[in-house]
Amino acid sequence: MLYLIIRPLARVFLFVFFRKIYLFGKENIPKSGPVILASNHPNAFVEACIYAVIQPRPVHFLTRADVFKSPIANRILRSLNMLPIYRFKDGYSSLKNNEATFNSCYEILGKGGVVIIFSEASCVSEKRLRPLQRGTARLAISALESQSLDNVSVVPIGVNYAKLAGIRGEVMINIGTPLNAKDYRKRYEAEPNQTLKEFTHDLEECLKPMVIHFDNKEVERKAEYLLDEAVCEYKSSFWPPVENNQNLFKNLKSMVDRWNENSEIILGDLRLKNYIYQPYVSEVKYSTLGDEKWLNGIFLVAMFPIFLVGFLINLPPYYLAKYIAYNKVKNIEFHLSVRMSVMMIGSCIWGMIMWFLLRAYFSFWVSTLIVIGSFLLGYFAIFYKEQWSAFRYDT
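Conventions adopted
Residues numbered from 1 in each chain as written. Predicted model: local features only at pLDDT ≥ 70, side-chain atom pairs only at ≥ 80, totals over all residues. Heavy atoms only, no water. Helix = DSSP H or I, 4+ residues; strand = E, 2+ residues; numbered from the N terminus. Buried < 20%, exposed > 50% of the residue type's maximum accessible area, 1.4 Å probe, protein only. Contact = heavy atoms within 4.5 Å. Areas by Shrake-Rupley, 256 points an atom, 1.4 Å probe, with all protein chains shown as cover. Salt bridge = Lys/Arg side-chain N within 4 Å of Asp/Glu carboxyl O. Phe/Tyr/Trp six-rings, centres within 6.5 Å; stacked < 30°, edge-to-face > 60°. Lys NZ or Arg CZ within 6 Å of the ring centre and 35° of its normal. Expected span 1.5 Å × (residues − 1). Bend = angle between axes of the 7 residues up to and from the residue. Polar contact = N/O pair within 3.5 Å; in protein donor to acceptor, adjacent residues only side chain to side chain. Right-handed = clockwise from strand over helix to strand, strands pointing away. Axes fitted to C-alpha atoms, helices over the stretch in contact; angles between N-to-C directions. Left-handed = near helix turned anticlockwise from the far one by under 90°. Nonpolar A, V, L, I, M, F, W, Y, C, P; charged D, E, K, R; others polar. Core = buried A, V, L, I, M, F, W, Y, C linked by side-chain atoms within 4.5 Å. Patch = residues over 30% accessible without salt bridge, like charges linked within 9 Å, V, L, I, M, F, W, Y side chains within 5 Å. Parallel < 35°, antiparallel > 145°, perpendicular 65-115°, else oblique.

Student: Just to check I follow, could you spell out the overall build of the protein chain for this structure?
Tutor: Check the secondary structure of the protein chain and you find 14 helices and nine strands. Dimensions of the protein chain, computed from the C-alpha atoms along their principal axes, are close to 70 × 60 × 40 Å. In the protein chain, buried positions account for 50% of the 395 residues. For the protein chain, restricting intrachain contacts to residue pairs at least 6 apart in sequence, the fraction spanning at least 24 positions comes to 76%. Surface summary for the protein chain: the accessible area is close to 19700 Å², and the carbon and sulfur share equals 61%.

Listed below in structure tokens is the structure:
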């Protein structure tokens, strides 16, 4: 039930948090039958939200077990279609609990459902594809056997963030051609370990061209500035929020591949010698209104009162989310996820508070329309701030 409520809210807030979602290959996700979405994992639960809303079928997520410890958290997370997966760091004795989780996954797939698994088996905020674990292959083949299925489609998905922890950046999602678990069944019966290794290797080879990958961590940190410049030169449009193309991804990946071949291009660049890595900043340096500076100036002056109203009305949930993310979250991997979650919940609570206050003076529908209008003004305030950022940068 909670999943059905949160899903449309997540769709709205994804469009708020990201300037543009580039989605390529959506047609590769089967519209029916058992499916495993196998992805890299740089940003906590943000990927899960994205995959839940880019296709119409309900999905179930495999999630690190330590967040299920509280009875309340356990109940909420399970109502969001999340299933706990135990790791060695959770204690060797707890690994036996994975049997129940895998059985649940087999049942979901047996009914033709969709399961999301992050095949790296860890979340690290970096532009890199880490070695895949065998859990994805094992889940797919075991589901075939336990549920007597003809096939399980394993769909590789590569997700790439222009800024790993900053809001209003671009996210690029590439969805590849599915691997068919049935193709590995006979080999698995004869050589299970070798087949799992081959299946995992094939999946990794599918993901490699879909993920921006730095071989060198130092190069990644230094090159962030140049990637920002490339994103700004591309000039993503403000609308629509989702586009079906790979152009920005191809531009960035070709740059990174060239730097991997010759790291001195970055390490020897004097402009980058004192550059400080800024994973939270995603500042717009171009105007989506056009290149005429005088036109942008007129827009900023004329629209300032509207911006101010939208900004002030939406200030409480916005800054509450920002404060908690910056001051209470230690790991960068959870920064964007926490900020998005707090802002989503906070905005809902703030909207209800406004609605009840308005009901003292207005009718049900008038109060509702004012609240909706207030949030639309907040979205306009985001657009205005981006135009101001571009105007200031040009100046």
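Student: Please clarify how the pattern of salt bridges should be interpreted in this entry.
Tutor: When the charged atoms of two side chains lie near each other, side chains of opposite charge can form a pair. Applying the stated rule across the entire model yields 16 salt bridges. A salt bridge links Asp-228 to Lys-163, with the nearest nitrogen and oxygen atoms 3.3 Å apart. With Asp-228 in helix H8 (residues 217-234) and Lys-163 in the loop between strand S6 (153-161) and strand S7 (169-175), this residue pair connects regions lying 65 residues apart in the sequence. Lys-163 shares its class with Asp-228; the two are buried. Between Glu-386 and Arg-168 there is a salt bridge, and its shortest N-O distance comes to 2.7 Å. Of this pair, Glu-386 sits in helix H14 (residues 364-394) while Arg-168 sits in the loop between S6 and S7, placing them 218 residues apart in sequence. Glu-386 gets classed as buried once you look at its relative accessible area, which sits at 6%. Looking at Arg-168, the relative accessible area reads 7%, which means it is buried. Beyond isolated ion pairs, a larger network of salt bridges with shared partners links Glu-120, Glu-126, Arg-128, Arg-130, Lys-217 and Glu-220.

Student: What's the story with the packing of aromatic side chains in this structure? I'm lost.
Tutor: Aromatic ring pairs are defined here through the distance separating the ring centres and the angle between the ring planes. Summed over the entire model, instances satisfying the criterion amount to 19 aromatic pairs. The interplanar angle of 25 degrees and the centroid separation of 6.2 Å between the aromatic rings of Trp-388 and Phe-391 together place this pair among those described as stacked. Of this pair, Trp-388 and Phe-391 both sit in helix H14, three residues apart, which is roughly one turn of that helix. You can call Trp-388 partly exposed: its relative accessible area is 42%. An aromatic cluster of three or more residues is present, and its members are Phe-299, Phe-304, Phe-307, Phe-311, Tyr-318, Tyr-319, Phe-380, Phe-383 and Tyr-384. Across from the ring centre of Tyr-318, 5.6 Å away, lies the NZ or CZ of Arg-339, which sits over that ring.

Student: Even after reading the chapter, I still don't get helix H11 (residues 293-313), so can you show me in this structure?
Tutor: For an α-helix the count is 3.6 residues per turn, leaving residues at separations of three or four pointing the same way. With 21 residues, H11 should reach 30 Å at 1.5 Å per residue; the first-to-last C-alpha distance of 29 Å fits that figure. The principal kink in H11, of about 55 degrees, is found at Phe-304, preceding the proline Pro-305 by one to four residues.

Student: Got a minute to help me understand the environment of Asn-180 in this structure?
Tutor: Positionally, Asn-180 belongs in strand S8 (residues 179-180). Owing to a relative accessible area of 25%, Asn-180 belongs among the partly exposed residues under this scheme. Along the backbone, Asn-180 and Lys-26 are 154 residues apart, and their C-alpha atoms lie at a distance of 17 Å. A polar atom in the side chain of Asn-180 sits 3.0 Å from the side chain of Asn-151.

Student: Just to check I follow, could you spell out the pairing of strand S4 (residues 82-85) for this structure?
Tutor: Looking along a regular strand, one sees the side chains alternate between the two faces of the sheet. Every second residue of S4 is oriented toward a common face, with Met-82 and Pro-84 on one face and Leu-83 and Ile-85 on the other, all of them buried. At this point the chain moves from strand S3 (residues 59-64), through helix H3 (residues 71-79), to the parallel S4, and the crossover so formed is right-handed.

Student: Help me understand the packing of helix H1 (residues 2-17) against helix H13 (residues 335-358), please; the structure alone is not making it clear to me.
Tutor: Helix-helix packing is described using two parameters, namely the angle between the two axes and the distance between the axes. At a minimum axis distance of 10 Å, the contact between H1 and H13 shows a crossing angle of 115 degrees. Seen from above, H1 lies across H13 with right-handed handedness. Contacts between H1 and H13 involve Ile-6, Leu-9, Ala-10, Phe-13, Leu-14 and Phe-17 from the first element and Leu-336, Arg-339, Met-340, Met-343, Met-344, Ser-347 and Cys-348 from the second. Partitioning the contact of H1 with H13 into residue classes produces 11 nonpolar, one polar and one charged.

Student: Quick question: what am I supposed to make of the nonpolar core here?
Tutor: Most often, soluble globular proteins have nonpolar side chains that are buried together. Ranked by internal contacts, the top residues of the largest apolar core, which has 54 residues, are Phe-17, Phe-18, Leu-37, Ile-50, Tyr-51 and Ile-173. Per-element accounting of this core gives the leading share, seven residues, to helix H2 (residues 46-53).

Student: Can you help me understand the environment of Arg-87 in this one?
Tutor: As for its placement among the helices and strands, Arg-87 is situated in the loop between S4 and helix H4 (98-110). In the structure, Arg-87 is positioned 39 residues away from Glu-126 in sequence and 21 Å away in space, judged by C-alpha atoms. The contact partners of Arg-87, leaving out residues within four places of it in the chain, are Arg-64, Asp-66, Ser-94, Leu-95 and Ala-121.

Student: What's the story with unusual backbone geometry in this structure? I'm lost.
Tutor: A negative phi holds for most residues other than glycine; trans holds for most peptide bonds. Even without being a glycine, Ser-148 presents a positive backbone phi close to 55 degrees. Position of Ser-148 among the secondary structure elements: in the loop between helix H5 (135-147) and S6. When its relative accessible area of 64% is taken as the criterion, Ser-148 is described as exposed. One non-glycine residue, Arg-168, lies in the positive phi region at around 60 degrees.

Student: Which parts of the structure should I look at to understand a nonpolar patch on the surface?
Tutor: Residues Ile-345, Ile-349, Met-352, Ile-353, Phe-356 and Leu-357 make up a contiguous nonpolar surface patch of roughly 630 Å² in combined accessible area. As for its position among the elements, Ile-345 is in helix H13. Judged by relative accessible area, Ile-345 falls into the exposed class, the value being 53%.

Student: Sorry if this is basic, but what is going on with the packing of H4 against H5 here?
Tutor: The geometry of H4 relative to H5 is characterised by a closest axis approach of 9 Å and an angle of 70 degrees between their N-to-C directions. What the angle tells us is that H4 and H5 run roughly perpendicular. Crossing handedness for the pair H4 and H5: right-handed. Contact residues: H4 offers Phe-102, Cys-105, Tyr-106, Glu-107, Leu-109 and Gly-110, while H5 offers Leu-139, Ser-142, Ala-143, Ser-146 and Gln-147. Classifying every residue of the contact of H4 with H5 gives six nonpolar, four polar and one charged.

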